[in-house]
Amino acid sequence: MEFHQVEIHEIPTTTTPRKAMASFVHSSKTNDANQFSPPTISTTMQDVIVDADTIISKWDPSRPSLEKFTSLFQENREEAEEFVKFQSAGAGEQADEIAMVRLEKELYHILSTRRECLNPESVSGGSSLLLSNSDEEEDDDHVGEDGVSNVERTLLDLKLIAGSMISSGYSKECSKIYRITRKSIVDEELYRLGIRGYTVSQISRMDQDALEHQVKKWVNTAKVAVRTLFRGERLLCDHVFAVSETIKQTCIAHTTTEGAINLFRFPETVAKSKRSPEKIFLVMNLFETLSELWPEIESIFSYEPLSPIKLQALSSMHKLSDAAQTILSEFVSSIQKNSSKTPIPGGGIHPLNCSVMNYVSLLADNSGTLSDILADEPENVARSPFPESYFDSRNPTSSVASQLAWIILVLLCKLDSKAEIYRDIGLSYLFLANNLHFVVEKVSTSALKVLLGQDWLSKLQTKVKLYAANYESVAWAKVLSSLPVETEESAHKIKEHFKQFNSAFEAAYRKQSSWVVPDPKLRDEIKVSIARKLVPAYREFYDSNLAILSGEKNLEILVRFSPDNLGNYLSDLFDNAVVISRDSSSSSSSSQSGLSRCL
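Residues numbered from 1 in each chain as written. Predicted model: local features only at pLDDT ≥ 70, side-chain atom pairs only at ≥ 80, totals over all residues. Heavy atoms only, no water.

- Identification of the protein as Exocyst subunit Exo70 family protein from Sesamum radiatum is taken from an unreviewed UniProt entry.
- In its Function (unreviewed entry) section, UniProt records this for the protein: "Component of the exocyst complex." (UniProt positions renumbered as here; feature names shortened; annotations may be inferred.)

Encoded structure:
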């Protein structure tokens, strides 16, 4: 037979099932009497009640023949539809109570045994019923069609039972069965996904690898939980309790609140745990995930009873933002406090330079997330007192660019103080040229170039050339000054000039044989620059005066270098294998003095 579901209205909670049925029968009889209705109407009502009592009694769970539970909705769907129809239309008071007991058992049975039809994947993506706003007639037509999937059949059965129980005043019993059963399923699924509760101390005790593993697992789990589990639960609850907004909200809050809050509490716990520079990338990963999921979180948990879930997610985002900014602040402070007094052999790259620039480059790779984090605290930008000309005038300066430029500025000033450790001024300038060039190359080959701009980069490149020129001027001044300015001199003076040149060049070469220029391009540029200044001047002196000394004994001792040999010696400079020292000791005594010199 074709079944058409009657329109369902929620009965006030103050009306008991018995009173509701008694009022319904009494009202019918009173209206019949007052309006002198024909006897056929009363007879028809009586027939309906008799038919309802018959079918409801047949499926009375207390009957001996039904001692072993048999599902009405699985055994005989046609009678199931008649059962709900007669119960809703008005059965006897006793039959009504029997019907409610039966529907309670049917509801529990479906929720418990058809879990494969109600798992998150099936519910969130398996049925168009949950995604449409079709009216009751469309749902009824769907029930009567052949080939209805198990998922859709289960969803329709649940909605039918819940609607019938709620309309009969059994909303409390209905929602209780649903809440208890579905919450256990949600909790079980969250446990299967790996959601666990951690304390701040537990997170703080994890090493970096272990924490990275937990964060990575949480990121993947959170996306599944929000987009599949909680979304499916919201769709299911909205569908089953479509007739009651209050019950709908109460049930979804009961089944999801505890699990969702536990899920979204993890990022906050990480944010509150022990901080370290490398932890900022885990913090940003968590922040990025919550930001990505936030529109879905707002949509799924839009009901007022679900607001604690959204508050927890927001709290975690704010705590993550605060943690990231604190880590950056502490990182800058650690640079300023680095007080290593050990000079880097050969003026090579300082390990502080390596670690800071690697760190800043990774931050630049995550500039989008970092920008969102810094947006919460615009006053951070004000802590970087850069002049307007410090950045590329063609591009607006972002908060990320200002923050990263500030870190690099503090680093450069610290390197400037490290250069003062060297007793040899020439080596001090070479150290600065090497380390500033390292910064330039790191910026040029990373996302930092886009953030900081070409103008900023060009200024640093100019400084590298200045430091290299200062090195040449200081380190080779004595060698160049040993060559005479005048071309016509006595043989005695010529011999003295050769001796002075030999001594100065050997001393400079011997001293600089342990100096290094790690970057091949910079190394070649410096060598070529020295050779262009020294070799032509020496060649002119050599060619002009060698003939005058041709009669001298032991001429090869007096004139030790030919111009070509001089070039060969210079080509061997700065190839020492010692490039970067591993000394990175630090203490907590330093200051920000001299920052203005680095601008």
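**Quick notes on the overall build of the protein**
Item 1. On a plain count of helices and strands, the protein comes out with 26 helices and 0 strands.
Item 2. Out of the 599 residues in the protein, the part that is buried amounts to 48%.
Item 3. Partitioning the contacts of the protein with sequence separation of at least 6, the portion at a separation of at least 24 is 82%.
Item 4. Counting only carbon and sulfur atoms, one obtains 51% of the accessible surface of the protein, whose full area is about 29200 Å². (Helix = DSSP H or I, 4+ residues; strand = E, 2+ residues; numbered from the N terminus. Buried < 20%, exposed > 50% of the residue type's maximum accessible area, 1.4 Å probe, protein only. Contact = heavy atoms within 4.5 Å. Areas by Shrake-Rupley, 256 points an atom, 1.4 Å probe, with all protein chains shown as cover.)

**Description of the packing of helix H20 (residues 448-475) against helix H23 (residues 520-545)**
Item 1. As a packed pair, H20 and H23 sit with axes 11 Å apart at the nearest point and diverge in direction by 45°. Between H20 and H23, the angle is such that the two are oblique. For H20 against H23, the interelement crossing comes out right-handed. Of H23, the residues touching H20 (which contributes Val464, Ala468, Tyr471 and Glu472) are Leu522, Ile526, Ser529, Ile530 and Lys533.
Item 2. When its residues are assigned to classes, the contact of H20 with H23 shows 6 nonpolar, 1 polar and 2 charged. (Axes fitted to C-alpha atoms, helices over the stretch in contact; angles between N-to-C directions. Parallel < 35°, antiparallel > 145°, perpendicular 65-115°, else oblique. Left-handed = near helix turned anticlockwise from the far one by under 90°. Nonpolar A, V, L, I, M, F, W, Y, C, P; charged D, E, K, R; others polar.)

**A look at the environment of Ile327**
Item 1. Note on placement: Ile327 falls in helix H14 (residues 307-337).
Item 2. Judged by relative accessible area, which is 3%, Ile327 ranks as buried.
Item 3. The spacing of Ile327 and Pro277 is 50 residues in sequence and 6.0 Å in space, taken between C-alpha atoms.
Item 4. Discounting residues that sit within four places of it in the chain, Ile327 has contacts with Arg275, Ser276, Pro277, Lys279, Ile280, Val283 and Tyr359.

**Here's the deal with the packing of aromatic side chains**
Item 1. Going through the model one piece at a time under the given rule, you end up with 21 aromatic pairs.
Item 2. Taken together through their ring pairs, the aromatic side chains of Trp476, Phe498, Phe501, Phe505, Tyr509, Tyr538, Phe541, Tyr542, Phe561 and Tyr569 make up a single cluster.
Item 3. Residue placement shows Arg196 over the ring face of Tyr191; its charged tip is 3.8 Å from the ring centre.
Item 4. Over the aromatic face of Tyr303 sits the side chain of Arg234, whose NZ or CZ is 3.8 Å from the ring centroid. (Phe/Tyr/Trp six-rings, centres within 6.5 Å; stacked < 30°, edge-to-face > 60°. Lys NZ or Arg CZ within 6 Å of the ring centre and 35° of its normal.)

**Quick notes on the nonpolar core**
Item 1. Core analysis: the biggest nonpolar cluster contains 150 residues, and Phe230, Phe241, Phe264, Ile407 and Trp476 have the highest contact counts within it.
Item 2. Element by element, the count of residues in this core is highest for helix H18 (residues 399-419), at 14 residues.
Item 3. Ignoring any residue separated from it by four or fewer positions in sequence, one finds Phe241 in contact with Ala162, Ile166, Cys174, Ser175, Tyr178, Ile247, Lys248 and Cys251. (Core = buried A, V, L, I, M, F, W, Y, C linked by side-chain atoms within 4.5 Å.)

**Regarding helix H12 (residues 245-272)**
Item 1. The first and last C-alpha atoms of H12 sit 38 Å apart over 28 residues, in line with the 40 Å expected at 1.5 Å per residue.
Item 2. Taken as a whole, H12 carries its principal kink of about 45° at Thr256.
Item 3. Most of H12 sits out of view: 20 of its 28 residues are buried. (Expected span 1.5 Å × (residues − 1). Bend = angle between axes of the 7 residues up to and from the residue.)

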